[in-house]
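A look at the structure
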Amino acid sequence: MQNARVLLVIDLIGVFVFALSGATAAVRQRLDFFGVLVLSFATASAGGILRDLLIGAVPPATIQDWRYLASALLAGTVTFYWHRSIERLHNPVRVFDAVGLGLFAVAGTQKALASGLHPVMAAVLGMLTGIGGGIVRDLLLARVPLVFRPETELYALAALAGSLFVCVGHWLGWPEMPTAIAGAVLCFALRILAMWFDWRLPSAQRDGN
Amino acid sequence: MQNARVLLVIDLIGVFVFALSGATAAVRQRLDFFGVLVLSFATASAGGILRDLLIGAVPPATIQDWRYLASALLAGTVTFYWHRSIERLHNPVRVFDAVGLGLFAVAGTQKALASGLHPVMAAVLGMLTGIGGGIVRDLLLARVPLVFRPETELYALAALAGSLFVCVGHWLGWPEMPTAIAGAVLCFALRILAMWFDWRLPSAQRDGN
Amino acid sequence: MQNARVLLVIDLIGVFVFALSGATAAVRQRLDFFGVLVLSFATASAGGILRDLLIGAVPPATIQDWRYLASALLAGTVTFYWHRSIERLHNPVRVFDAVGLGLFAVAGTQKALASGLHPVMAAVLGMLTGIGGGIVRDLLLARVPLVFRPETELYALAALAGSLFVCVGHWLGWPEMPTAIAGAVLCFALRILAMWFDWRLPSAQRDGN
């Protein structure tokens, strides 16, 4: 009981932080208030919704429980009215986003494993849970997803590392909770280090040949 | 029997009108004939398909019954060959689109409620049924959905008002059919008034600070 | 057993070829290595995933079996490092793509028929299996799908012809395997002829009135 409540609170914080990123992008593109709220909820929930559709867990959790929607709409409203303050908090927001990424990737992997998927595919779905929201945010803004672009520091790989860690632990029979925490920390640390040291993936060499 | 037939005819008219909007947008972007037909069907059916996927009602109704496809393809073909006339009918088409919006929002809400969703989320899915087709139309045309932009008069909010009305009626135990009709009329009236009086949602203030 | 293995190998080749097209497009848009891999897998699997979601066959086959992912990632990696060679193989790749289109359309139709869909809708889903990957590829690259544009030679229609052929055969009780092969060959031949003779669909006449 206590445990489930802690998980829900963590989840709602993850939703809030991801929604901030969606709402900020929407404000920058001058969407109207409704557009900002949709982007908030879509960014926060699309990764989990995609995962749930793919494993057949319908209705998806974020559709069943109105508190996810409420958390996302709160983030969207705050961003709409105080976006200048939110943008000034750029660095804290990125740190929280890294927390959300770790939480979502790990929770997504656990849910995919529990549905009986092959561990490799469970790790892929865990990563998708983490990065899917940002992809849908960028699709709704008609731009190539940031997570695919060479100017973004390691993001998907950090999520994948956390997800794979959980899968390996599952395979080796490690206890679930510590494994999950370690996986989330791994993802978080990789993402923070990548931002700090500017780690990026290359794009293919195209010029001068 | 009689009743179900009336509902089907109403539904097919809604599909036809939404398909007109998809086809018109496709012709403007100079898609080929196939592209125009896809945009017709996608615009008419995507909202309902998304709702059905999210509540686990598969195969979605518009995939099971070929008459929805036929109605959408008819609208697409008509638009392809007579788009100048369709564009001249701009205002009637917008009125019919408002009818379709009300019908889809209300029917979507009822279906979501019947699946056992929380009323708040059922209203959200009802709204999604109404606006999802236009969102997918714009994604397929690689542009930011009109429904998120400040230059569009109230659209999603009108759908949401109709959907919420149905949810409140459901909660208070009102008889289903009159509630549905009133919800659709509410949505339609709001949309028409918004077009008449140019009601729009603001975008966030960004300049001059 | 032998038969199932042949089908799997054919499927994996189809995945590989479609992944090449996704990866090539991603390299051209200068995505990073991760983006290239995602585009590879998405292009190869999205058509089948959409079909499986719509008929309720979850988890989709390409999510259940890691070999599809492996085949797509191999194609993506090869393209990332040797894209100049791949681009020089432009014509062979287009021929293989036509093979993949036929295989996917026919296999998709069969799966949709087996799920009990109306034959007309099964043909539509078969076509979607063939063309859905390319549509998602283009959405992820924020551009209007090639398959909707008048400069693309017949593509979706070729897939639809193969799919309809399978549906007619199913309706008339023809033996399954020869019908499937003939349908795939029909699709392949139409696509090759379309490229050879530059068959295209018109876009609507817009100018000069």
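None of the values given here were measured: they were computed from a predicted structure. (Residues numbered from 1 in each chain as written. Chains lettered and ligands numbered in written order. Predicted model: local features only at pLDDT ≥ 70, side-chain atom pairs only at ≥ 80, totals over all residues. Heavy atoms only, no water.)

**Considering the overall build of chain A**
Assigned secondary structure in chain A consists of 8 helices and 0 strands. The order of helices and strands in chain A, counted from the N terminus, is α-α-α-α-α-α-α-α. Taking 17 Å as the expected radius of gyration for a compact globule of 209 residues, we find that chain A reaches 17 Å, a close match to that expectation. With respect to the three principal axes, the spread of C-alpha positions in chain A is 55 × 50 × 30 Å. A total of 209 residues make up chain A; the buried ones form 55% of that total. In chain A, the proportion of contacts linking residues at least 24 apart, taken out of those at least 6 apart, comes to 76%. For chain A, the computed accessible surface area is about 9100 Å², with 68% contributed by carbon and sulfur atoms. Charge centroids of chain A, computed over 15 positive and 12 negative side chains, lie 4 Å from each other. (Helix = DSSP H or I, 4+ residues; strand = E, 2+ residues; numbered from the N terminus. Rg over C-alpha atoms; globule rule 2.2 N^0.38 Å. Buried < 20%, exposed > 50% of the residue type's maximum accessible area, 1.4 Å probe, protein only. Contact = heavy atoms within 4.5 Å. Areas by Shrake-Rupley, 256 points an atom, 1.4 Å probe, with all protein chains shown as cover. Lys, Arg positive; Asp, Glu negative; His and termini not counted. Charge placed at Lys NZ, Arg CZ, Asp CG, Glu CD.)

**Re the interface of chain B and chain C**
The interface is formed by 29 residues belonging to chain B together with 31 residues belonging to chain C. At the junction of chain B with chain C, the criterion picks out 0 salt bridges. The tally of links between chain B and chain C comes to 2 residue pairs in polar contact (both at pLDDT 80 or more). When residues of the side of chain B that touches chain C are traced back to their parent elements, those giving at least two are helix 1 (2-28), helix 2 (33-55), helix 3 (61-64), helix 4 (66-88) and helix 6 (119-140) of chain B. Per-element accounting of the side of chain B that touches chain C gives the leading share, 8 residues, to helix 2 of chain B. (Salt bridge = Lys/Arg side-chain N within 4 Å of Asp/Glu carboxyl O. Polar contact = N/O pair within 3.5 Å; in protein donor to acceptor, adjacent residues only side chain to side chain.)

**Overview of the environment of B:Ala44**
Residue and element names in this part refer to chain B. When you line up the elements, Ala44 lands in helix 2. By relative accessible area, which is 3% here, Ala44 ends up buried. In sequence terms Ala44 and Leu113 are 69 residues apart; their C-alpha atoms lie 22 Å from each other. When near neighbours in sequence (up to four residues on either side) are disregarded, Ala44 contacts Val15, Phe18, Ala19, Ala72 and Phe104.

**Overview of the relation of the copies chain C and chain A**
Of the transformation placing chain C onto chain A, the axial shift is 0.0 Å and the rotation is 120°, giving an RMSD of 0.0 Å. The transformation relating the two chain copies, once decomposed into turn and shift, fits a three-fold axis. Taking C-alpha positions as reference, the residue of chain C nearest the rotation axis is C:Ala142, located at 3.2 Å. The residues that chain C uses at the interface reappear at the interface of chain A in only 10% of cases, marking distinct surfaces. (Least-squares fit on C-alpha atoms with pLDDT ≥ 70 in both.)

**Digging into the interface of chain C and chain A**
Across the boundary between the two partners, chain C contributes 29 residues, which contact 30 residues of chain A. Between chain C and chain A the total buried area reaches about 2500 Å² when both faces are included, carbon and sulfur atoms providing 70% of it. On the surface where chain C and chain A come into contact, there are 0 salt bridges. In this structure, the connection of chain C to chain A is made through 2 residue pairs in polar contact (both at pLDDT 80 or more). (Buried area = accessible area lost by both parts, 1.4 Å probe.)

**Considerations on empty space enclosed by the protein**
For the coordinates displayed, the defined rule picks out 4 cavities of 30 Å³ or more. Of the voids in this model, the largest cavity is the one considered here, and its volume is about 90 Å³. Along its surface, the largest cavity is lined by A:Leu139, A:Ala142, A:Arg143, B:Asp138, B:Leu139, B:Ala142, B:Arg143, C:Leu139 and C:Ala142. Class assignment of the residues belonging to the lining of the largest cavity gives a composition of 6 nonpolar, no polar and 3 charged. (1 Å grid on protein atoms, 1.4 Å probe; cavity = no way out; pocket = protein on both sides within 12 Å on 5 of 7 lines; lining within 4 Å. Points joined across faces, edges and corners; volume = space filled by probe spheres on them. Nonpolar A, V, L, I, M, F, W, Y, C, P; charged D, E, K, R; others polar.)

**What about the confidence of the model for chain A?**
Per-chain confidence: chain A averages 91 in pLDDT, with 97% of residues scoring 70 or above. Confidence metrics for the complex model read pTM 0.93 and ipTM 0.91. (pLDDT = per-residue confidence, 0-100.)

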